[in-house]
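# Observations on chain architecture
Residues per chain are reported as follows:
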Amino acid sequence: MSNRPITITEVCPRDGFQSMPETIPTDEKVEIINRIFDCGFKQVEVTSFVHPKAIPQMRDADEVLQRINRPKDVILRALVPNLRGMERAIAAKVDKVKLMLSASDSHSLNNANAHTFQAMEGFKPLVERAKGTDVKIGGSISVAFGCPYEGEVPIKRHLEICKRYEQLGITDISLADTTGMANPFQVKRILRELREHYPSFHFSLHLHNTRGMAFANAVAGFEEGVTDFDSSIAGFGGCPYAPDASGNIATEDLVHGFEEMGIATAIDLDKVIELAKDLQERYPAQADSFILKAGKCSDLHIAPSAQQKIGGQ
Ligand code: ZN
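Residue numbers restart at each chain and count upward from 1, following the sequence in its written direction. Reporting in this predicted model follows two pLDDT cut-offs: at least 70 for local features of residues, and 80 or more for side-chain atom pairs to be given and counted; totals over whole chains, interfaces and linings ignore these cut-offs and use all residues. The side-chain figures draw on all heavy atoms in the structure; neither hydrogens nor water molecules are used.

A run of DSSP states H or I qualifies as a helix once it reaches four residues; a run of E qualifies as a strand once it reaches two. Both are numbered from the N-terminal end. Looking at the secondary structure, you find Leu194 in helix H9 (residues 184–197). For the pair Leu194 and Leu159, spaced 35 residues apart in sequence, the C-alpha separation works out to 6.8 Å. Excluding residues that lie within four positions of it along the chain, Leu194 makes contacts with His158, Leu159, Cys162, Leu175 and Phe203. Contacts are assigned to residue pairs with any non-hydrogen atoms lying within 4.5 Å of each other.

Structure representation (C-alpha cells):
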C-alpha cells in the first residue's frame, strides 16, 4: 500500500445540513462554508439545487453560493436532481454537479419516483444542458453496498449502471453506502470488479458510519486504489431510517485516521476539530465523532503516577 495522498470532499453543507431538523440561517451557512474553505478542503459539496418544497433547508442554495468567499482553487460541487436544478447550478457557477441515482429500484422509486434505469434516462437532458459550459458532471450510485429494502445489490447491477453512465459520457462515480451496510471485504470485492471492467472510471466513496464500519471501509477502498472520499464535519447528516444512528463518517475521524497511517490529506485537522466543536455546541444532538469524544492520538495526557506526584507536592 503506497502512501499516495487522498482528497477529502467536505459534504456537511449539503448532506449534513439537509438532515438537520432546525432551519440553519443563511448567514450561518455562509460562515460555516467559509470556515470549511479555511480548513484546506479542495472540494466541498456546498448545496443541493432541489425544489424548496422537497427540501426546505436548501431553499437558499443560490444565495449561499453568491455570498461565500469562494477560493479559486476549490472545486464546488452541488447535487442536481433535474433540469431546473442543472440550470440553477450553471447560473451559480458551480464547478461540478453530482447526479443522484439509487442502485435498487425500490430505493430509486422512493427517492426519485422512478426505477433506476428510468431515472438514468432522465439524466440525458441534464447532460445535454451542461455541454458547452464549464460544469463537470459526476454520477453516483446510492445504496451501492446494500439497500434497506432489497438487501445486497448484485454486482451485475453495478456493472449495468456503469455501462449506462459511460453511454452518457459520465465516468466519475461516487459509490455511496447510504445506510451504512457496507463491510470492508465487500467494498474490496465490488471495487475490484468495477475497476477491472471500467479501468478508465474514477470511483470515489461516500461512507456512512451507521454500524461503525465506515473507517474500515475507507481503508479497504484505499487499498483498492480509491483516493477520493466524502465526509462531514462533526458527523453531521443522520441516518434516514434510525434517528439516533450515525450518518456520514465524521471528517475529523477520517482525516485523523488517514494521517495516523501516514497518508496525507492536506487538511488542517486542528481547524476541523475546532469547527466540529463549535458545531457540537450549536447542534449537540447532531454532532457525533470519535475525535470529539476522545481527542487525537497525539493529545497526550499526564500519566496517573505523575498526577499523584503533582498532587502530593
Ligand atoms: Zn451521506
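Now for the side chain of Glu45. You can see Glu45 is positioned in strand S2 (residues 43–48). Each polar contact in these results corresponds to two N or O atoms within 3.5 Å; when the atoms are within protein, one needs to be able to donate a hydrogen and the other to accept it, and residues that are neighboring in sequence are counted only if both atoms are side-chain atoms. Reaching out from Glu45, the side chain makes a polar contact with the side chain of Arg77 at a distance of 2.6 Å. Among all residues touching Glu45, those that are not within four sequence positions of it are Thr9, Glu10, Val11, Pro13, Arg14, Arg77, Leu79 and Lys98.

Inter-axis angles, ranging from 0 to 180 degrees, are taken between N-to-C directions of lines fitted to C-alpha atoms, where helices are fitted over the stretch in contact. Between helix H10 (residues 214–223) and helix H11 (residues 251–260), the shortest axis-to-axis distance is 11 Å and the interhelical angle comes to 50°. In this view, H10 runs oblique relative to H11, as classed from their interaxial angle. Considering only the axes of H10 and H11, their crossing is right-handed. Contacts between H10 and H11 involve Phe215, Ala218 and Phe222 from the first element and Asp253, Leu254, Gly257 and Phe258 from the second. Classes in brief: Ala, Val, Leu, Ile, Met, Phe, Trp, Tyr, Cys and Pro nonpolar; Asp, Glu, Lys and Arg charged; the others, Gly included, polar. Here the contact of H10 with H11 is composed, by residue class, of five nonpolar, one polar and one charged. Throughout, the term roughly parallel applies to angles under 35 degrees, roughly antiparallel to angles over 145, roughly perpendicular to angles from 65 to 115, and oblique to all others. Handedness of a crossing follows from how the near helix is turned relative to the far one, being left-handed for an anticlockwise turn of less than a right angle and right-handed for a clockwise one.

It is worth spelling out the coordination of the zinc ion at this point. Note on donors: an N, O or S atom is included if it sits within 2.8 Å of the metal, or within 3.2 Å for Na, K and Ca, and water is never included, so sites can look incomplete. Taken together, the protein ligands of the zinc ion are Asp15 (OD), His206 (NE2), His208 (NE2) and Asn248 (OD1), with distances of 1.9 to 2.3 Å. Taken together, the four donor atoms coordinating the zinc ion span angles of 85 to 159° at the metal, a pattern that classifies the geometry as irregular. For the zinc ion, the single-chain donor residues occur in sequence as D-x190-H-x1-H-x39-N. With His208 in the loop between strand S7 (202–207) and H10 and Asn248 in the loop between strand S8 (228–231) and H11, the pair connects residues that are 40 residues apart, well separated along the chain. Each of the two residues, His208 as well as Asn248, counts as buried. All geometry calls rest on donor angles, where a four-donor set with angles between 85 and 135 degrees is tetrahedral, four- and six-donor sets with opposite donors more than 155 degrees apart and all others between 65 and 115 are square planar and octahedral, and all else is irregular. Think of it in three bands: residues with accessible area under 20% of the maximum for their type are buried, residues over 50% are exposed, and the middle band is partly exposed, with areas taken using a 1.4 Å probe on protein chains only.

Note: strands within a sheet are paired through backbone hydrogen bonds, in either parallel or antiparallel orientation. The strand order around the closed barrel built from eight strands is S1-S2-S3-S4-S5-S6-S7-S8, with neighbouring strands paired in parallel fashion. Ignoring which end each strand starts from, the neighbouring axes of this sheet average 30° apart. Helix H8 (residues 155–167) rests against strand S4 (96–99), strand S5 (136–141), strand S6 (172–177) and S7 of the sheet, and its axis sits at about 165° to S5. Lying on the sheet, H9 is in contact with S6 and S7; it crosses S7 at an angle near 160°. Between any two strands, pairing holds if DSSP finds at least two bridges.

Salt bridges, as used here, are contacts in which a Lys or Arg side-chain nitrogen is within 4 Å of a carboxyl oxygen on Asp or Glu. Across all of its chains, the model carries 31 salt bridges by this definition. A salt bridge links Glu45 to Arg14; its shortest N-O distance comes to 2.6 Å. A residue pair is termed long-range when its members are at least 10 positions apart, and Glu45 in strand S2 and Arg14 in helix H1 (residues 12–18) qualify at 31 residues. With relative accessibility at 5%, the residue Arg14 sits in the buried group. A salt bridge links Glu121 to Lys124, with the nearest nitrogen and oxygen atoms 3.3 Å apart. Lys124 gets classed as partly exposed once you look at its relative accessible area, which sits at 42%. In this structure, a network of salt bridges that share partners links the residues Arg14, Asp15, Glu45, Arg77, Lys98 and Asp230.

Below, the discussion takes up the packing of aromatic side chains. Classification of ring pairs uses Phe, Tyr and Trp, with its six-membered ring standing for Trp, and accepts pairs whose centres are within 6.5 Å; under 30 degrees between planes counts as stacked, over 60 as edge-to-face, and the remaining range as tilted. Summed over the entire model, instances satisfying the criterion amount to seven aromatic pairs. Pairing Phe123 with Tyr165 gives two aromatic rings, centres 6.2 Å apart and planes at 15°, and the pair type is stacked. Of the two residues, Phe123 sits in the loop between helix H6 (116–121) and helix H7 (124–130) while Tyr165 sits in helix H8, which places them 42 residues apart along the sequence. What makes Tyr165 buried here is its relative accessible area of 0%. Ring geometry for Phe229 and Phe258: centres 5.3 Å apart, planes at 45°, overall tilted. Separated by 29 residues along the polypeptide, Phe229 in strand S8 and Phe258 in helix H11 bring together distant segments of the chain. Among the aromatic residues, those joined into a ring-pair cluster are Phe215, Phe222, Phe229 and Phe258. Definition used: whenever NZ (Lys) or CZ (Arg) falls within 6 Å of the ring centre and also within 35 degrees of the ring normal, the charge is taken to sit over that ring. One residue, Arg4, lies across the ring of Phe222, its end atom 4.1 Å from the ring centre. Sitting over the face of the ring of Phe117, Arg164 holds its NZ or CZ atom 3.8 Å from the ring centroid.

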